[in-house]
Amino acid sequence: MSSIKQVQITFDCADPERVARFWCEVLGYVVPPPPKGFADWDEFNRTLPPERQGSAFACQDPAGVGPRLFFQRVPEGKTVKNRLHLDVRIGPGLVGEERLAALEAECARLIPLGASRVELLRADGFNESCLVMRDVEGNEFCLD
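These lines cover the structure that appears in this document, whether it is placed above or below. (Residues numbered from 1 in each chain as written. Predicted model: local features only at pLDDT ≥ 70, side-chain atom pairs only at ≥ 80, totals over all residues. Heavy atoms only, no water.)

Description of helix α1 (residues 16-27)
The end-to-end C-alpha distance of α1, which contains 12 residues, comes to 16 Å, matching closely the 16 Å that a straight helix rising 1.5 Å per residue would cover. For α1, every residue scored as buried is listed here: Pro16, Val19, Ala20, Phe22, Trp23, Cys24 and Val26. The inward-facing, buried residues of α1 contact β1 (8-13), β2 (56-59), β3 (68-73), β4 (86-88), α3 (96-110) and β7 (140-143). Two residues or fewer past α1, glycine 28 is found with a positive phi of approximately 75 degrees. (Helix = DSSP H or I, 4+ residues; strand = E, 2+ residues; numbered from the N terminus. Expected span 1.5 Å × (residues − 1). Buried < 20%, exposed > 50% of the residue type's maximum accessible area, 1.4 Å probe, protein only. Contact = heavy atoms within 4.5 Å.)

This is the structure in structure tokens:
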């Protein structure tokens, strides 16, 4: 017997709010409302002990379809390649120059938000082209 489960994707990072707000812009996600009784997340944050302030942040798909993203502060920095990464589906169904143009346009949109371009992987007869990038803290993701 199987069941459908919801998935939350968790990122370890140094600055949870900064990384969450970056991904909100990339994916069209929104910051969830603060807990009941608080006007905003800053007000809620001020109620936490100093060591917990700013230690976590989240964003979610406004339509409720995509997974929630959760960002948690960790003391260590990123030192190696991610074992898991997000593929941001920019060009499903597009091929050739049309796909490359869509990937490049999205790359140009994301760079001013703090993303960095790593490498364009061109179609090889098996896989279509994709563009490897990094978020504001260096986590790899692909424009696919």
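Next comes the rest of the description.
Re the nonpolar core
The tendency in soluble globular proteins is for nonpolar side chains to be buried side by side. Of all hydrophobic cores here, the largest spans 25 residues; its most connected members are Trp23, Leu69, Phe71, Met133, Phe141 and Leu143. Top element by residues in this core is α1. It accounts for 6 residues. Discounting residues that sit within four places of it in the chain, tryptophan 23 has contacts with Phe11, Gly28, Cys59, Leu69, Phe71, Leu86, Val88, Asp135 and Phe141. (Core = buried A, V, L, I, M, F, W, Y, C linked by side-chain atoms within 4.5 Å.)

A look at the pattern of salt bridges
Per the stated rule, a full pass over the model turns up 6 salt bridges. For arginine 99, the salt bridge goes to aspartate 144, with nearest N and O atoms at 2.7 Å. Residue arginine 99 is located in helix α3, and its partner aspartate 144 is located in the segment after β7; the two are separated by 45 residues in the primary sequence. (Salt bridge = Lys/Arg side-chain N within 4 Å of Asp/Glu carboxyl O.)

Comments concerning the packing of aromatic side chains
Under the counting rule described, the total for this entry stands at 8 aromatic pairs. Seen in terms of ring centroids, phenylalanine 11 and tryptophan 23 are 5.9 Å apart; in terms of plane orientation they differ by 40 degrees. Their pairing is tilted. Taken together, the positions of phenylalanine 11 in strand β1 and tryptophan 23 in helix α1 put the pair 12 residues apart, joining distant regions of the chain. You'll find phenylalanine 11 and tryptophan 23 in the same group, each marked buried. A ring pair is formed by tryptophan 23 and phenylalanine 141, whose centres lie 4.9 Å apart and whose planes are at 70 degrees; its orientation type is edge-to-face. (Phe/Tyr/Trp six-rings, centres within 6.5 Å; stacked < 30°, edge-to-face > 60°.)

Notes on the sheet that holds β2
Within a beta sheet, neighbouring strands are joined by backbone hydrogen bonds and run either parallel or antiparallel to one another. The sheet built from 3 strands is open, its strands ordered β1-β3-β2 with mixed pairing. Each edge of the open sheet carries a strand with a single partner, namely β1 and β2. Direction aside, neighbouring strands of the sheet carry axes that sit 20 degrees apart on average. As defined by bridge partners, β1 adjoins β3 across 6 bridges and the pair is classed as parallel. The partner of phenylalanine 11 across the bridge, within β3, is phenylalanine 71. Taken strand by strand, α1 contacts β1, β2 and β3, and its axis lies near 10 degrees from that of β2. (Pairing = 2+ DSSP bridges. Axes fitted to C-alpha atoms, helices over the stretch in contact; angles between N-to-C directions.)

Comments concerning α3
The terminal C-alpha atoms of α3 lie 22 Å apart, and with 15 residues this matches the ideal 21 Å at 1.5 Å per residue to within 8%. Every buried residue belonging to α3 is among Arg99, Leu100, Leu103, Glu106, Cys107 and Leu110, and all of these are buried. For α3, the arc enclosing every buried residue in end-on projection is 130 degrees, short of the 170-degree limit, so these residues lie on one face. Residues Glu97 and Glu98 are exposed on α3 and point more than 90 degrees away from its buried face. Where the residues of α3 are buried, they touch α1, β5 (116-121), β6 (130-134) and β7. (Arc of directions from axis to C-beta.)

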